[in-house]
Amino acid sequence: MTDRWALAPAEDGGVEIAPLGPDGLLTGPARWAADPAEAVRGRPEVTRWVWRSTAEVYPRLLATGVRVERCYDIEDAETLLLGHEGRYGEPRSAAAALARLRGGPVPPDPPQRAAEPGSQSLLFEPQSVHVPLADLVEVYADQQRRHDATAHPERMRLLTAAESAGMLVAAEMNRAGLPWSAEVHRRVLHELLGERYAGGGEPRRLAELADEVSDAFGRRVRPDLPADVIKAFAQAGIKVRSTRRWEIESLDHPAVKPLVEYKKLYRIWVAHGWSWLQDWVRDGRFRPEFLAGGTVTGRWVTNGGGGLQIPKVIRRAVVADPGWRLVVADADQMEPRVLAAISRDPGLMEVAGRETDLYQSVSDRAFSGDRAQAKLAVLGAVYGQTSGDGLKNLAALRRRFPKAVAYVDEAARAGEEGRLVRTWLGRTCPPAAGASEDAAEEAGIPQDDPGETVAGGQEWVPGYASTNARARGRFARNFVVQGSAADWTLLLLAALRRTCADLAAELVFFQHDEVIVHCPQEEAEMVVAAIREAAELAARLTFGETPVRFPFTTAVVECYADAK
DNA sequence: AGTTTCGGCGCC
DNA sequence: AAAGGGCGCCGAAACT
């Protein structure tokens, strides 16, 4: 029995709460309390709090030590429901949803803020339009009805609930932060880059490499300026279109080696160097702002500090507190397993029903034991590879796993034709065509350009998909797999969060298919078991009865870098 | 001078 | 070997 209550900050700085019935409507009068924490603490029987925005309310609760079991984030649900209804891009604020219900002018969404280093109030949204509790409940009740109108109401309800849970996890992670040793980080930087010089210029090792590059070209060249490097190669008689590593790596020129090394270290210096440490690490924790469902596929993003792009060498700095451990868990071959679950391809389900290396199994069946080729083929199918060895491999894959390949092919076709494409739980890919083109464009969906030419430089050829239509096809092909994987990971996180709530363990990091739990050493084995159980529960909840297994590789370590 | 885009590369 | 999905970040370059 769920006991749902609505919660809305009041304009006087207090908060209003009220009980809700199964239809989402009020079943009692609203009560006022001076602050949200007091209101929530006073209602321990409430199992789900319904509010406008988790990011608005929850950080303040956490700041006073109040944790909630479940929530329902109205604005997140609005985004998902609008997407499902093919109305991607319409304003998704509660105020806008209310205006649509009442037929008034729909206010545009407030602009997103950028993250600022060291800011302690990244999640507070003071610019948002205030919506009184009674109005909020009206929107909520309408959303309950809209769930019923979706293709799979029970899946859609699971999706909005799961993503709300994800928002709780994100807020809690944002508060916890990732344990980070500034001392180790500095040591790594010094080992890689050498001493820093006064004045903030390049550290010693970069300066040396820049000199080596210049010596090799016989003139002063700045390796961090692509235009300069391209010119220098041209003067040496080598034409390069760019200075991307894969393009210059194979060139026969003495500048290549120091140049490649320079670019690698330069990247560390500018993106994860001393100034990054200064900006993003304090009190022994790195605090990127995790944003659940920050992408159209449902993958999370972080805002600030490049939280999901921590280079391998820098992971040395992620160190557990004394007496504590990091449980680092990585889902094994998540995407092909998800493809097996959603396509129900018998062969792939059988392969994914084992916990052993899936790529090896696929290669045994379709690639004469060549694991690398099998992996390329599977990833090519998921990413939409259109040329090279991938095509040949894709054909082999299609022979053995026809339903799986057909599933992503169909998604690609739907994407090319501008039809709606959905994940397993109903998260919807913005269509390219139709009334919401601007929104799709904004979301990064490739759009047709009236002036474009097809490959080969010809003008439009009837019957051929345009370059952008094909790009949309690849996007949609990947969307169904990546997005359904995101659906599953939300359920995984929600389940894991519940177990951790009974322990001292804290979720501190999540990156697509990888999760880190920080816990006392003696809890580590319990956490490992909890991850396995959470994966099973998530699979059952997300995909229903399926033979597909979702094994994790887990490591109990003191340092993140030791996990692999 | 301030803002946006680009090139390159880190992660999955 | 070659190029296919999703992101964020940085400095430089290209703009207003």
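Residues numbered from 1 in each chain as written. Chains lettered and ligands numbered in written order. Predicted model: local features only at pLDDT ≥ 70, side-chain atom pairs only at ≥ 80, totals over all residues. Heavy atoms only, no water.

A. Layout of the overall build of chain A. Within chain A, the secondary structure is distributed over 21 helices and 16 strands. Expressed as a percentage of its 564 residues, the buried residues of chain A come to 53%. For chain A, long-range pairs separated by at least 24 residues make up 63% of all intrachain contacts whose partners lie at least 6 apart in sequence. Carbon and sulfur atoms provide 51% of the accessible area of chain A, an area that totals close to 25400 Å². (Helix = DSSP H or I, 4+ residues; strand = E, 2+ residues; numbered from the N terminus. Buried < 20%, exposed > 50% of the residue type's maximum accessible area, 1.4 Å probe, protein only. Contact = heavy atoms within 4.5 Å. Areas by Shrake-Rupley, 256 points an atom, 1.4 Å probe, with all protein chains shown as cover.)

B. Layout of the protein's contact with DNA strand B. The immediate surroundings of DNA strand B are formed by 18 residues, with Thr243, Lys263, Arg299, Gln309 and Asp513 found nearest. Atoms of DNA strand B within 4 Å of the protein belong to the sugar or the phosphate in 82% of instances, the rest to bases. Side-chain polar atom of Gln309 to a base nitrogen of DNA strand B: 3.3 Å apart, as the coordinates give it. Arg315 is positioned such that a nitrogen or oxygen atom in its side chain is 2.9 Å from a sugar or linking oxygen of DNA strand B. (Near = heavy atom within 4 Å. Polar contact = N/O pair within 3.5 Å; in protein donor to acceptor, adjacent residues only side chain to side chain.)

C. How the structure looks around the protein's contact with DNA strand C. Taken together, 25 residues lie around DNA strand C, and Trp246, Gly304, Gln385, Arg474 and Phe475 are the ones closest in. Close to the protein, within 4 Å, the atoms of DNA strand C belong to sugar or phosphate groups at a rate of 68%. One of the side-chain nitrogen or oxygen atoms of Arg222 is found 3.5 Å away from a phosphate oxygen of DNA strand C. Arg299 places a polar side-chain atom, nitrogen or oxygen, 3.1 Å from a base nitrogen of DNA strand C. For the surface near DNA strand C, the leading source of residues is helix α20 (residues 467-501), giving four residues. The residue makeup of the surface near DNA strand C, split by class, is seven nonpolar, 14 polar and four charged. (Nonpolar A, V, L, I, M, F, W, Y, C, P; charged D, E, K, R; others polar.)

D. Spatial organisation of the nonpolar core. Core analysis: the biggest nonpolar cluster contains 115 residues, and Trp180, Trp300, Val362, Leu397 and Trp488 have the highest contact counts within it. Other than its neighbours up to four places away in sequence, Val362 contacts Leu348, Val351, Phe367, Ala374, Val378, Leu397 and Phe401. Among the nonpolar cores identified, the runner-up in size contains 20 residues, and Trp5, Val15, Ala39 and Val40 belong to it. (Core = buried A, V, L, I, M, F, W, Y, C linked by side-chain atoms within 4.5 Å.)

E. Summary view of the pairing of strand β4 (residues 48-51). Alternating residues of β4 divide into Arg48 and Val50 and Trp49 and Trp51, and every residue in both groups is buried. Bridge count between strand β1 (residues 4-9) and β4: four bridges; the pairing is parallel. Looking at the pairing, Arg4 lines up with Arg48 of β4. Alignment of β4 against strand β5 (residues 71-73), held across three bridges, turns out to be parallel. Each bridged residue has a counterpart across the sheet, and for Trp51 the counterpart in β5 is Asp73. Regarding the hand of the β-α-β motif, the stretch spanning β4, helix α2 (residues 54-63) and β5 is right-handed. (Pairing = 2+ DSSP bridges. Right-handed = clockwise from strand over helix to strand, strands pointing away.)

F. Seen up close, the packing of aromatic side chains. Going through the model one piece at a time under the given rule, you end up with 16 aromatic pairs. Ring geometry for Trp300 and Phe510: centres 4.8 Å apart, planes at 75 degrees, overall edge-to-face. With Trp300 in the loop between β9 (289-291) and β10 (301-303) and Phe510 in strand β14 (residues 506-510), the pair connects residues that are 210 residues apart, well separated along the chain. For Phe510, a relative accessible area of 3% corresponds to the buried category. These aromatic residues form a ring-pair network of at least three members: Phe290, Trp300, Phe509, Phe510 and Tyr560. The ring of Trp424 carries the charged tip of Arg155 above its face, separated from the ring centre by 3.9 Å. (Phe/Tyr/Trp six-rings, centres within 6.5 Å; stacked < 30°, edge-to-face > 60°. Lys NZ or Arg CZ within 6 Å of the ring centre and 35° of its normal.)

G. Layout of the side chain of Thr243. Tracing the chain through its elements places Thr243 in the loop between α9 (226-235) and α10 (245-248). Classification of Thr243 by relative accessible area gives buried; the value is 9%.

H. Examining the sheet that holds β14 more closely. The four strands lie next to each other as β14-β15-β11-β16, forming an open sheet whose pairing is antiparallel. Both edges of this open sheet fall to β14 and β16 (552-557), since each of them pairs with a single strand only. Pairwise comparison of adjacent strand axes, ignoring direction, gives a mean angle of 20 degrees for this sheet. With seven bridges connecting them, strand β11 (residues 324-331) and strand β15 (residues 514-520) associate as antiparallel partners. Looking across to β15, one finds that Val327 is bridged to Val517. Contacts between α20 and the sheet are confined to β11, β14, β15 and β16, with β14 contributing the most and set at about 160 degrees to the helix. (Axes fitted to C-alpha atoms, helices over the stretch in contact; angles between N-to-C directions.)

I. Representation of the pattern of salt bridges in the model. Scanning the entire structure with this criterion turns up 42 salt bridges. With a shortest N-O distance of 3.8 Å, Glu69 and Arg70 are connected by a salt bridge. In this structure, the salt-bridge partner of Glu417 is Arg419, at a minimum N-O distance of 2.5 Å. With a relative accessible area of 49%, Glu417 lands in the partly exposed category. Residue Arg419 is classed as partly exposed on the basis of its relative accessible area of 37%. (Salt bridge = Lys/Arg side-chain N within 4 Å of Asp/Glu carboxyl O.)

J. Structural detail: the state of the cysteines. Taken as a whole, this structure holds zero disulfides when the rule is applied. Between Cys559, a cysteine without a disulfide, and Cys519, which holds the nearest cysteine sulfur, the sulfur-to-sulfur distance is 15 Å. For Cys559, a relative accessible area of 7% puts it in the buried group. (Disulfide = S-S within 2.5 Å.)

K. Structural detail: the sheet that holds β1. Spatial ordering of the open sheet is given by β3-β2-β1-β4-β5, a layout of five strands whose pairing is mixed. The two strands at the open ends of the sheet, each matched to only one other strand, are β3 (31-33) and β5. When the angles between neighbouring strand axes are averaged without regard to direction, this sheet yields 25 degrees. Across the sheet, helix α6 (residues 153-176) is in contact with β4 and β5; its angle to β5 comes to roughly 100 degrees.

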